[in-house]
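# Structural overview for review
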Amino acid sequence: MSHEFTVTGSEVVLDAPIIAVRRDQVVMPGGNEAAREIVEHFGAVAVVALDDQGRVALVEQYRHSVGERLLELPAGLLDMHAEDELICAKRELQEEAGLAANEWGVLVDLVTSPGFAEEAVRVFIARGLHEVERPEAENEEADMDFAWVDLEEAADKALRGEVVNSIAVSGILAAARLVARGEKPRPVDEPFHLRPTSLANRRAEEGIVPDMKRV
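Because the structure is a prediction, the values reported are computed rather than measured. (Residues numbered from 1 in each chain as written. Predicted model: local features only at pLDDT ≥ 70, side-chain atom pairs only at ≥ 80, totals over all residues. Heavy atoms only, no water.)

## Re the UniProt feature "domain: Nudix hydrolase" (unreviewed entry) in the protein
The sites that carry the UniProt feature "domain: Nudix hydrolase" (unreviewed entry) are, in the present numbering, residues 40-176. Helix makes up 25% of residues 40-176 and strand 41%. Its end C-alpha atoms lie 31 Å apart. (UniProt positions renumbered as here; feature names shortened; annotations may be inferred. Helix = DSSP H or I, 4+ residues; strand = E, 2+ residues; numbered from the N terminus.)

Next comes the structure, spelled out in structure tokens:
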């Protein structure tokens, strides 16, 4: 039988606006306990927005963790309490790209760093695009650039190391495969069972809603 990795104790060692760090005591095979630090996260969504010319909408955003501007998909945190993933994706597409879409599907679900983080991301594919008013941006997004890139060229950029954001790489390559095969994406009502709950539930219990970042 497979070992049951039970948790005998847990403490929050860092609580910040968009993440927390939790230390669990976990029973290992053989009965010994070991500490495992977990980065708690709200989860996120991203959008592969394809126009009728086969181009994907990409943004370039400064990421302080690597000190560089990265080519990425429009994306954002699921940091509003109990917000539906599709609603969040529609808002992020408007805010970051000034776009709305008539057709939506689930492209791929990701666990970005399962060795230490809960972060999971649902990547949607959006088609039937049209421009909408983009709200005024703040912070890093005020410096964000936008570009249309042919989907095949975007896939080549990923293979050349010019697109390195893991969510963008996964979404672009998955979309290229989907389009090449002429297949349909998964339905948007498919449950996102990987969506993290630890941080969101604790913030909700503390009354930090609807914007769960406001600690």
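The discussion continues.
## Examining the packing of aromatic side chains
One pass over the full model with this rule turns up two aromatic pairs. Judged by centre distance (6.0 Å) and plane angle (80°), the rings of W104 and F124 are edge-to-face. Pair noted here: W104 is in strand 8 (residues 99-111) and F124 is in strand 9 (residues 120-131), with a separation of 20 residues, a long-range link. By relative accessible area, which is 1% here, F124 ends up buried. (Phe/Tyr/Trp six-rings, centres within 6.5 Å; stacked < 30°, edge-to-face > 60°. Buried < 20%, exposed > 50% of the residue type's maximum accessible area, 1.4 Å probe, protein only.)

## Quick look at the sheet that holds strand 8
Reading across the sheet, the four strands line up as 7-4-9-8 and stay open at both edges, with mixed pairing between neighbours. Both outer strands of the open sheet, strand 7 (75-77) and strand 8, are each paired with one neighbouring strand and no more. Pairs of neighbouring strands in the sheet enclose a mean axial angle of 25°, with direction left out of account. Two strands pair when backbone bridges link them, and strand 8 and strand 9 are joined in this way by 11 bridges, in the antiparallel orientation. Paired with W104 across the strands is A126, a residue of strand 9. Docked against the sheet, helix 1 (residues 85-97) engages strand 4 (44-49), strand 7, strand 8 and strand 9, running at close to 115° with respect to strand 8. Lying over the sheet, helix 3 (residues 166-181) contacts strand 4, strand 8 and strand 9, oriented at roughly 110° with respect to strand 8. (Pairing = 2+ DSSP bridges. Axes fitted to C-alpha atoms, helices over the stretch in contact; angles between N-to-C directions. Contact = heavy atoms within 4.5 Å.)

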